[in-house]
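# Chains, contacts and geometry: an overview
Below are the chains, spelled out letter by letter.
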Amino acid sequence: MGEMASLLQEQVENFTKLVVDSPNEVEVSTSVSTKAIIIQIRVSKEDCGKIIGKRGRTIESLKVLCLAIKNTQFPEDSRRVMLEVLEDENSSFTYSRSGREDL
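Attention here is on the structure that accompanies the text. (Residues numbered from 1 in each chain as written. Predicted model: local features only at pLDDT ≥ 70, side-chain atom pairs only at ≥ 80, totals over all residues. Heavy atoms only, no water.)

What follows covers the overall build of the protein. What the protein contains, in helices and strands, is three helices and four strands. Traced from its N-terminal end to its C-terminal end, the protein shows the element sequence α-β-β-α-α-β-β. A separation threshold of at least 6 residues defines the contact pool for the protein, and within that pool the share at least 24 residues apart is 59%. For the protein, the computed accessible surface area is about 6,300 Å², with 45% contributed by carbon and sulfur atoms. (Helix = DSSP H or I, 4+ residues; strand = E, 2+ residues; numbered from the N terminus. Contact = heavy atoms within 4.5 Å. Areas by Shrake-Rupley, 256 points an atom, 1.4 Å probe, with all protein chains shown as cover.)

Quick look at the structure:
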């Protein structure tokens, strides 16, 4: 995994653990390809709403933080950064206010 992906994963995990009620159940995984970095956040069912936030403000803020890190620390990298919130093993969803799940 690249330096940018590991930095983003670490920052997303730290932020997520501060927001949720069950920080021990937070799992953040990263998939890297040539065109995108996908960060998946898995939290308990009770904490899923806290990650998304009212009207999606919390997850949007997290996307803005990831974009700021990417653009300031790695301006030459053209890959997209995508966040996915996974509720549990059997169901997953991606919140996207604009209909796109990438930054």
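Summarising the element assignment, Ile 69 is placed in helix H3 (residues 57-73). Along the sequence, Ile 69 and Leu 8 sit 61 residues apart, while their C-alpha atoms lie 7.5 Å from each other. Apart from residues no more than four positions distant in its own chain, Ile 69 is found in contact with Leu 7, Leu 8, Gln 11 and Phe 74.

A separate point is the side chain of Glu 84. Relative to the assigned elements, Glu 84 resides in strand E3 (residues 80-88). Nearest to the buried, unbridged Glu 84 among oppositely charged side chains is Arg 42, at 8.4 Å. A distance of 2.7 Å separates polar atoms of two side chains, one belonging to Glu 84 and the other to Gln 40. (Buried < 20%, exposed > 50% of the residue type's maximum accessible area, 1.4 Å probe, protein only. Lys, Arg positive; Asp, Glu negative; His and termini not counted. Salt bridge = Lys/Arg side-chain N within 4 Å of Asp/Glu carboxyl O. Polar contact = N/O pair within 3.5 Å; in protein donor to acceptor, adjacent residues only side chain to side chain.)

Negative phi characterises most residues that are not glycine, and trans characterises most peptide bonds. Positioned with a positive phi, Arg 55 is a non-glycine residue whose angle comes to about 60 degrees. On the accessibility criterion, Arg 55 (69% relative accessible area) is exposed.

If you walk through the whole model with that rule in mind, you get four salt bridges. For Glu 13, the salt bridge identified is with Lys 17, shortest N-O distance 3.2 Å. Here the residue Glu 13 and the residue Lys 17 both occupy positions in helix H1 (residues 3-19), the gap between them amounting to four residues, near one helical turn. One salt bridge in this structure joins Lys 50 and Asp 21, with 3.1 Å as the shortest N-O distance. Pair noted here: Lys 50 is in helix H2 (residues 48-52) and Asp 21 is in the loop between H1 and strand E1 (27-32), with a separation of 29 residues, a long-range link. Of the residues examined, Lys 50 reaches a relative accessible area of 35% and is grouped as partly exposed. Of the residues examined, Asp 21 reaches a relative accessible area of 56% and is grouped as exposed.

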